[in-house]
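Analysis of the macromolecular model
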Amino acid sequence: MSMLRALSAALLATGLVTPCLGDVGMRQLVIPADEHGRQLSVTLWYPSAPGGQPVLVGDNGLFKGTPVMRDAPQAEGRFPLVLLSHGSGGSAQAMSWLATELAEAGFIVAGPDHPGTTSGDSTPADTPKLWQRRQDLSAVADRLITDPQWRVRVDGDRIGVVGFSLGGAAAMRIAGARTTLEAYARYCDAQTRWDCASYAGGIGFVNGASKKVDKVNLRAVDRALFEQSDRDPRIKAAVMVDPGLAQAYDERSLAEVAIPMSFVNLGAPTTIPPGVVADQLASQTPKGTYATVTGAHHYSFLPECKDGAAEMLRSEGEEEPLCGEPGERSRKDIHSELARLIRTALRQGLGPAIPATR
């Protein structure tokens, strides 16, 4: 069972089930996404007043959900907005453990499911189309700062972005970093495993069903779109966790990024995959910072796993450590450190947020 297949199967089963408690508000929006020719599903987490229906977000057969209050009233005040971009084959709701922490700290968090690279709708041919992910994020910001229900709560002058893996690459792009197609193609010529493996062909997902896909010729990707500037000047701070396409960024564009760029790698220097290693990226940006989270690996960013999930994955032939950590640290402990790093970076880049009403 491939990692993409395992994630898609689990995330497609995601539901909202009744828990004992919810901490912050959650709503779901559907907005136009003309570049995809379909609607964009967006999950919002926000500081809330009492009320709403308690549900678990992201709960499925593998992963634990996070308690929130669906459709809770909004708390009074104006709050910084954080755009959240998930990894390849993932979903916004799988990042609810982080989004809830940020909402509790006084941020409004908006995570779109990126068509073409989200759960149940993910193909290798869509993976390099980072310009579409940037369009998704900008479309979400457009909606929230103009929507009558949200514009009074969203501080349009304080917008940040957080991305994981391929989402980290999208965060790089919306912050102003540009990618170089030939550099990325050369990297994948030499790297036939891990982040480039899917380009060799195999299985993708379309409309929730697996589909055999052909080999992807990266040099046939639209060069102009791949290398264009996708900077959105409204973005004031960016946080990238294990950002994808680490070998593909144009150094001159990195030197021109004027906003704070906070990079986080999961693991030790000897274990971080080359496709996401970010220390050099941080050093090439004028306001870049870099941190590592020890005792972790790339999949530690996924939600906490349920009891028996690791055994189930092994029985189905899954080789990736989706539910295991390399050391003695628990995933809960790793998440706590990650949330602290991300909160701190956003507060420094966007200014202090107001704690949510409880």
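**Things to note about unusual backbone geometry**
Although it is not a glycine, Ser-165 sits at a positive phi angle of roughly 60°. As for its position among the elements, Ser-165 is in the loop between β10 (154–164) and α4 (166–175).

**Quick look at the confidence of the model for the protein chain**
Looking at the protein chain, the pLDDT average stands at 90 and 91% of residues meet or exceed 70. Contacts from residues 1–22, a stretch scored under 50 in pLDDT, to residues over four places away or in other chains number 73 contacts.

**Focus: helix α5 (residues 181–190)**
All buried positions along α5 are accounted for by Leu-181, Ala-183, Tyr-184, Ala-185, Tyr-187 and Cys-188. Each element contacted by the buried residues of α5 is listed here: α6 (223–227).

**Considering the packing of aromatic side chains**
Taken as a whole and assessed by the stated rule, the structure comprises five aromatic pairs. Between the aromatic rings of Phe-164 and Phe-301, the centroid separation amounts to 4.4 Å while the plane-to-plane angle is 15°, which identifies the pairing as stacked. Of this pair, Phe-164 sits in strand β10 while Phe-301 sits in the loop between β15 (288–293) and α9 (309–315), and the two are 137 residues apart along the sequence. Accessibility classification places Phe-164 together with Phe-301 in one group, the buried group. Pairing Tyr-184 with Phe-226 gives two aromatic rings, centres 6.0 Å apart and planes at 15°, and the pair type is stacked.

**With respect to the state of the cysteines**
Scanning all chains against the criterion turns up two disulfides. Through a disulfide, Cys-188 is tied to Cys-196; the S-S separation comes to 2.0 Å. The disulfide joining Cys-188 to Cys-196 has a torsion of about -65° about its S-S bond and is therefore left-handed. Here the two residues Cys-188 and Cys-196 agree in accessibility, since each one is buried. The disulfide bridge from Cys-305 ends at Cys-323, spanning 2.1 Å between sulfur atoms. Between Cys-305 and Cys-323 the disulfide shows an S-S torsion of about -80°. By sign, it is left-handed. Residue Cys-305 is found in the loop between β15 and α9, and its partner Cys-323 is found in the loop between α9 and α10 (331–350); the two are separated by 18 residues along the sequence. By the burial criterion, Cys-305 is buried, and Cys-323 matches it.

**Considering the packing of helix α3 (residues 130–146) against α4**
Here α3 crosses α4 at 75°, and the two axes come no closer than 9 Å. When the axes of α3 and α4 are compared, the pair comes out roughly perpendicular. Residues Leu-130, Trp-131, Arg-133, Arg-134, Leu-137 and Ser-138 of α3 lie in contact with α4, whose contacting residues are Leu-166, Gly-167, Ala-169, Ala-170, Arg-173 and Ile-174.

**Focus: the nonpolar core**
Ranked by size, the top nonpolar core spans 60 residues in total, and within it Leu-83, Leu-144, Met-172, Tyr-184, Leu-245 and Met-261 carry the most contacts. In this structure, Val-68, Ala-105, Ala-296 and Ala-345 belong to the second largest nonpolar core, which totals 35 residues.

**With respect to the pairing of strand β4 (residues 53–59)**
Burial of β4 is extensive: five of the seven residues sit out of reach of the surface. Bridge count between β4 and strand β5 (residues 66–70): five bridges; the pairing is antiparallel. In the strand pairing of β5, Val-55 is matched with Val-68. Between β4 and β5, which pair antiparallel in sequence order, lie six residues.

Conventions used here
- Residues numbered from 1 in each chain as written.
- Predicted model: local features only at pLDDT ≥ 70, side-chain atom pairs only at ≥ 80, totals over all residues.
- Heavy atoms only, no water.
- Helix = DSSP H or I, 4+ residues; strand = E, 2+ residues; numbered from the N terminus.
- pLDDT = per-residue confidence, 0-100.
- Contact = heavy atoms within 4.5 Å.
- Buried < 20%, exposed > 50% of the residue type's maximum accessible area, 1.4 Å probe, protein only.
- Phe/Tyr/Trp six-rings, centres within 6.5 Å; stacked < 30°, edge-to-face > 60°.
- Disulfide = S-S within 2.5 Å.
- Axes fitted to C-alpha atoms, helices over the stretch in contact; angles between N-to-C directions.
- Parallel < 35°, antiparallel > 145°, perpendicular 65-115°, else oblique.
- Core = buried A, V, L, I, M, F, W, Y, C linked by side-chain atoms within 4.5 Å.
- Pairing = 2+ DSSP bridges.

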